[in-house]
Amino acid sequence: MNEATPLHAHTEARNDSPQRHELPRVLRTSHATAIVVGTLIGSGIFLVPHEMMQSTGSSGLVYLAWIVGGLLSLFGAMTYAELSTLQPYTGGEYVYLRGAYGDLTAFLYMWTWFAVAKPASIASVTTGLARTLAIFPAFRWLPAEAVHVPFAITWAQLFAIVATWGITGLNYLGIKKAGDFQLIFTWLKGLLILAIAGFCFASGMGHWTNFTTVFTGAHGGFSGFMVALIAALWAYDGWNDLTMVSGEVQHPEKSLPIALIAGLGIVGVLYMATNAAIQYILPASAIAAAPRPAVSALALVTGHWGAALVSAVMALSIFVTLNGTIMSGARIPFAAAQDGLFFRRMADVHPRFQSPSTSLLVQALLTTGLLLAVGRFQQLFELAIFAEWLFYMITATTIFHYRRTAPAAKTFRAWGYPAVPLLFIAAAAVLLYFSYVENLISSLLGSAIILLGIPLFFVIRRNTR
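Student: How should I be thinking about the overall build of the protein in this particular structure?
Tutor: Of the regular secondary structure elements, the protein holds 20 helices and two strands. Its C-alpha atoms put the protein at 65 × 55 × 40 Å along the principal axes. Taking all 465 residues of the protein together, 59% fall into the buried category. Counting only carbon and sulfur atoms, one obtains 69% of the accessible surface of the protein, whose full area is about 17400 Å².

Student: Help me understand the pattern of salt bridges, please; the structure alone is not making it clear to me.
Tutor: Oppositely charged side chains can form a pair if their charged atoms are brought close together. Enumeration over the complete set of coordinates arrives at eight salt bridges. One salt bridge in this structure joins Arg-98 and Asp-103, with 2.7 Å as the shortest N-O distance. Linking Asp-241 and Lys-118 is a salt bridge whose minimum nitrogen-to-oxygen distance equals 3.1 Å. You can see Asp-241 sitting in helix H10 (residues 241–244) and its partner Lys-118 sitting in helix H6 (residues 103–133), a full 123 residues away along the chain. For Asp-241, a relative accessible area of 5% translates into the label buried.

Student: What am I meant to see in the nonpolar core here?
Tutor: It is characteristic of soluble globular proteins that their nonpolar side chains tend to be buried jointly. Ranked by internal contacts, the top residues of the largest apolar core, which has 136 residues, are Trp-66, Tyr-94 and Leu-242. Sorting elements by how many residues they give to this core places H6 first, with 15 residues. Apart from residues no more than four positions distant in its own chain, Leu-242 is found in contact with Ala-32, Ile-35, Val-36, Val-249, Leu-256, Ala-259 and Leu-260. Ala-160, Ile-161, Leu-370 and Leu-371 belong to the second largest nonpolar core, which has six residues in total.

Student: I would appreciate a short explanation of helix H3 (residues 44–56) in the present structure.
Tutor: Side chains that are three or four residues apart share a direction in an α-helix, a result of its 3.6 residues per turn. Here H3 is 13 residues long and its end C-alpha atoms lie 17 Å apart, about the 18 Å a rise of 1.5 Å per residue gives. Within H3, 10 of the 13 residues are buried, which leaves the element mostly enclosed by the surrounding structure. Those residues of H3 lying buried are Gly-44, Ile-45, Phe-46, Val-48, Pro-49, His-50, Met-52, Met-53, Ser-55 and Thr-56. After H3 finishes, the residue Gly-57 shows a positive phi value of roughly 85°.

Student: When you look at the confidence of the model for the protein in this model, what are you seeing that I'm missing?
Tutor: Fine structural detail should not be taken from predicted coordinates in areas where pLDDT scores are low. The predicted model of the protein has a mean per-residue pLDDT of 88, with 93% of residues at 70 or higher. Predicted confidence in the protein is weakest over helix H1 (residues 4–14), with a mean pLDDT of 41, and strongest over helix H5 (residues 93–101), with 96. The low-confidence segment residues 1–18 (pLDDT under 50) makes 40 contacts with residues lying over four places distant or belonging to another chain.

Student: Got a minute to help me understand the environment of Leu-83 in this structure?
Tutor: Mapped onto the fold, Leu-83 is located in helix H4 (residues 59–86). Sequence separation between Leu-83 and Pro-24 is 59 residues; the distance between their C-alpha atoms is 20 Å. When neighbours within four sequence positions are excluded, Leu-83 is seen to be in contact with Tyr-96, Thr-395, Thr-398, Ile-399 and Tyr-402.

Student: Could you clarify how one ought to interpret the packing of aromatic side chains in this entry?
Tutor: Geometrically, a pair of aromatic rings is defined through the distance of the ring centres and the angle of the planes. Per the stated rule, a full pass over the model turns up 30 aromatic pairs. Centre to centre, the rings of Trp-389 and Tyr-392 are 4.8 Å apart; their planes meet at 75°, and the pair counts as edge-to-face. With Trp-389 and Tyr-392 both in helix H17 (residues 377–396), this residue pair falls three residues apart, about one helical turn. One exposure class covers both Trp-389 and Tyr-392, and it is buried. The positively charged end of Arg-403 is found above the aromatic ring belonging to Tyr-417, 3.9 Å away from the centroid.

Student: When you look at the environment of Ala-297 in this model, what are you seeing that I'm missing?
Tutor: Within the secondary structure, Ala-297 sits in helix H13 (residues 293–302). Note: C-alpha distance between Ala-297 and Gln-250 (47 residues apart in sequence) is 42 Å. Sequence-distant contacts of Ala-297, that is, excluding residues within four places in its chain, are made with Ile-278, Ile-281 and Leu-282.

Student: Looking at this structure, I do not really get a nonpolar patch on the surface. What am I missing?
Tutor: Taken together, the side chains of Leu-104, Leu-451, Ile-454 and Phe-458 define a hydrophobic patch exposed on the protein surface, amounting to about 330 Å² of accessible area. With three residues, helix H20 (residues 440–464) is the largest single contributor of residues to the nonpolar patch. Here Leu-104 shows up in helix H6.

Student: Help me understand the packing of H13 against helix H14 (residues 304–329) in this model?
Tutor: A pair of packed helices is captured by two measures, namely the crossing angle of their axes and the spacing between those axes. Viewed as axis vectors pointing N to C, H13 and H14 meet at an angle of 150°, and their least axial separation amounts to 6 Å. For the element pair H13 / H14, the angle class is roughly antiparallel. Remark: the crossing between H13 and H14 carries right-handed chirality. For the pair H13 and H14, the contacting residues are Ala-294, Val-295, Leu-298, Ala-299 and Thr-302 in the first and His-304, Trp-305, Gly-306, Ala-307, Leu-309, Val-310, Ser-311 and Met-314 in the second. Tallied by class, residues from the contact of H13 with H14 come to nine nonpolar, four polar and no charged.

Student: What is the right way to look at the pairing of strand E1 (residues 145–148) in this model?
Tutor: Along any regular strand the residues' side chains alternate between the sheet's two faces. Bridging between E1 and strand E2 (residues 152–154) involves three bridges; their strand directions are antiparallel. Opposite His-148, over in E2, you have Ala-152 as the bridge partner.

Student: Is there a simple way to explain the packing of helix H2 (residues 29–40) against helix H8 (residues 175–202) in this structure?
Tutor: Closest axis-to-axis distance for the H2/H8 pair is 8 Å, and the angle between their directions is 60°. Classified by the angle between their axes, H2 and H8 sit oblique to one another. In this structure, the crossing between H2 and H8 has a hand that is left-handed. Only Lys-176, Gly-179, Asp-180, Gln-182, Leu-183, Thr-186 and Lys-189 of H8 make contact with H2, whose side of the interface consists of Ser-30, His-31, Ala-34, Ile-35, Val-37, Gly-38 and Thr-39.

Student: Looking at this structure, I do not really get the side chain of Asn-323. What am I missing?
Tutor: When you line up the elements, Asn-323 lands in helix H14. Reaching out from Asn-323, the side chain makes a polar contact with the side chain of Asn-171 at a distance of 3.1 Å. The residues touching Asn-323, leaving out its near neighbours within four places in the chain, are Ile-167, Leu-170, Asn-171, Ala-178, Phe-181 and Gln-182.

Definitions and limits used
Note on numbering: residues in each chain are counted from 1, in written sequence order. Totals for whole chains, interfaces and linings use all residues, but because this is a predicted model, local features are given only for residues with pLDDT of at least 70 and pairs of side-chain atoms are given and counted only at 80 or more. As a convention, hydrogens and water are excluded, and side-chain values are obtained from all of the structure's heavy atoms. Helix and strand definitions here come from DSSP, where helices need a minimum of 4 consecutive H or I residues and strands a minimum of 2 consecutive E residues; each element is numbered from the N-terminal end. A 1.4 Å probe rolled over the protein chains alone gives each residue an accessible area, and that area as a share of the maximum for its type sets the label: buried under 20%, exposed over 50%, partly exposed in between. Throughout, the Shrake-Rupley method with a 1.4 Å probe supplies accessible areas, and for residues the shown protein chains are the sole cover considered. Only one rule defines a salt bridge in this text: a Lys or Arg side-chain nitrogen within 4 Å of an Asp or Glu carboxyl oxygen. Throughout, nonpolar core names a set of buried Ala, Val, Leu, Ile, Met, Phe, Trp, Tyr and Cys residues whose side chains join them through atoms within 4.5 Å. The contact criterion used is simple: two residues touch if any of their non-hydrogen atoms lie within 4.5 Å. Take the residue count of a helix, subtract one, and multiply by 1.5 Å to get its expected span. You can read pLDDT as the predictor saying how much it trusts each residue, on a scale of 0 to 100. Side-chain rings of Phe, Tyr and Trp, where Trp is taken by its six-membered ring, are said to pair if the distance between their centres is within 6.5 Å; with planes under 30 degrees apart they count as stacked, over 60 as edge-to-face, and otherwise as tilted. Only Lys NZ and Arg CZ are tested; either one counts as a charge over a ring when it is within 6 Å of the ring centre and within 35 degrees of the ring normal. For patch building, the residue pool is restricted to those with more than 30% relative accessible area and no salt bridge; the joining distance is 9 Å between like charges and 5 Å between nonpolar side chains (Val, Leu, Ile, Met, Phe, Trp, Tyr). Each axis is a line fitted through C-alpha atoms, and for a helix only the stretch in contact is used; angles between axes span 0 to 180 degrees, taken between their N-to-C directions. With respect to orientation, any angle under 35 degrees is reported as roughly parallel, any angle over 145 as roughly antiparallel, any angle of 65 to 115 as roughly perpendicular, and every other angle as oblique. Crossings are classed by handedness, with left-handed meaning an anticlockwise turn of the near helix from the far one by less than a right angle and right-handed meaning a clockwise turn. In the scheme used here, Gly and all other residues not listed as nonpolar or charged are polar, with Ala, Val, Leu, Ile, Met, Phe, Trp, Tyr, Cys and Pro taken as nonpolar and Asp, Glu, Lys and Arg as charged. DSSP bridges decide pairing: two strands pair if at least two such bridges lie between them. Pairs of N or O atoms within 3.5 Å make up the polar contacts considered here, provided that, within protein, one atom can donate a hydrogen while the other can accept it, and that residues adjacent in sequence are counted only when both atoms are side-chain atoms.

As structure tokens, this is what we get:
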């Protein structure tokens, strides 16, 4: 590796733990790119055009939100690309924070992801999968109550738990199998998304004049555009998950920047194509009125089977997103335990499958508890979004530390430094503010859980040293 100085310094810092067992580097550039693309494209592109049109009222502003959101995400990806080539280790953001700001900050990040962000993210993804499948007549039973012990548990909650454990089991068998799954099904859903766009543009029912229509009941103004931008950023969210498995990517100094930047580019093209296809078929008022605009558009073009196709692609997209989310989340407590900052059992590596086995199982258990305790999708989403963007913002600031301490490192360098990372940090701060204000109770709960990590840090450090 060319980045000898910063890597050597970080390795020394990591060797204070009693035992280390690194995970094997078996993921190729294609796997890494599929992790970015597959994790980003979930249900967002099929759902958020509705919210974005209700907020802005015009196709032009919707596109502007997609473009600005894509550029801001690209700025974040370039910032993380530099950080990941400087510190290409398992744990991603945890590693960067520890190197820049020390053990406590890194622990609080790990604790937040372990206790809140990742379980809530996995739970929201699996709940969204159940909601999507419930569209099909064969799955109409999912919203119904299954048991009452002493509170009601629906079949959808039980289905979400089964999905969580199923994908956890795949990752338990090794990241190569999970990576192959991600690669195959990511490109499949990409082709299906292009097929959906192609059906719309090939239809005689579309009109280019729809792009000039407006929805007069929109929220409008700057605040309306900000709501649309937040929706776009949510749809682009998840590219950072790749950095958490950096320690398992071959040739990380080349593969990680390519995967992060090219992956976001691919997602941007697919998002813009899908949004254009929807707007070609539906006027602005119809998009604002349709909870699932892509389903409505293809149903108009092809009838019932087209709506079923979109719903099936949504389900596939969510399923692939679930794989990337579970894969990445388990690496964070694993890395902290390797450094002696968390319970040592969390650093277990399966002797046969070479996976962070205990960390995967505990993550699934926490998600199961959350799914049983919280059944509503919106509650799960709100619980995760605040914690995620808080640490996106803090992590991005570490690039200034590494530029100062390793000015001559021969790694990927973020283009447009320092403007690019500063713009991403500012965008994260704005989104954090809006999410805090709009979801005050969930944000306060998230803040309390983060602060709970401070005394926990000192207890664990005293017991693991």
